[in-house]
Amino acid sequence: MNDQPIAPASLMKLAALFFSPTGRISRQAYWLAVAVLTCINFSLWPLWEGMMVIQTGADGVDHLVMTGTGPIAKSILLLFQWVFFVLIAKRARDFGWPGLIALLSAVPLVNFLVLLGVGLKAGDPGPNRFGWAPNQ
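This one's a predicted model, so the numbers in the text were calculated from it and none came from an experiment.

Caption draft 1: Up close: the packing of helix 4 (residues 71-94) against helix 5 (residues 110-120). Helix 5 packs onto helix 4 with a crossing angle of 40° between their chain directions and a minimal axis gap of 9 Å. Comparing their axes, helix 5 and helix 4 come out oblique. Crossing handedness for the pair helix 4 and helix 5: left-handed. Between helix 4 and helix 5, the contacting residues are Phe84, Ile88 and Arg91 on the first element and Val114, Leu115, Val118 and Gly119 on the second. A class-by-class count of the residues in the contact of helix 4 with helix 5 yields five nonpolar, one polar and one charged.

Given below as structure tokens:
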């Protein structure tokens, strides 16, 4: 096993992948990042589950409601949303669409289609107006 510390340049690339909205990313990087975020989200399930209750509304219909969401949980949820916006924007730019398409991921039911759609569409093989192809 290699006991060398992770190079700062590698950490910067990883941070840029998840937090910087500029540039383009490949389908492989996109799906790996989505998988990492999904694993992190599932590992936080006890936190989310502890805040969910079923309440009967005035209309007599049961609703799943998150209660007790403190500042830490709200910050985590906001961070997750930002990272998904960043990943979707970068993927959209890889095939020439503007990054603002990522805002569609905030629309319920449309969000899944956007997440899946940008992950399946092939990117431009060479440079486009958003930069070089991610594999070059």
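Caption draft 2: Geometry of the packing of helix 1 (residues 8-19) against helix 4. Interhelical geometry of helix 1 versus helix 4 gives an angle of 90° and a closest axis separation of 7 Å. Taken together, the axes of helix 1 and helix 4 lie roughly perpendicular to each other. Taken together, the residues of helix 4 that come into contact with helix 1 (itself represented by Ala16, Leu17, Phe18 and Phe19) are Leu79, Trp82, Val83, Val86, Leu87 and Lys90. Considering only residue class, the contact of helix 1 with helix 4 consists of nine nonpolar, no polar and one charged.

How each quantity is defined
Residues numbered from 1 in each chain as written. Predicted model: local features only at pLDDT ≥ 70, side-chain atom pairs only at ≥ 80, totals over all residues. Heavy atoms only, no water. Axes fitted to C-alpha atoms, helices over the stretch in contact; angles between N-to-C directions. Helix = DSSP H or I, 4+ residues; strand = E, 2+ residues; numbered from the N terminus. Parallel < 35°, antiparallel > 145°, perpendicular 65-115°, else oblique. Left-handed = near helix turned anticlockwise from the far one by under 90°. Contact = heavy atoms within 4.5 Å. Nonpolar A, V, L, I, M, F, W, Y, C, P; charged D, E, K, R; others polar.

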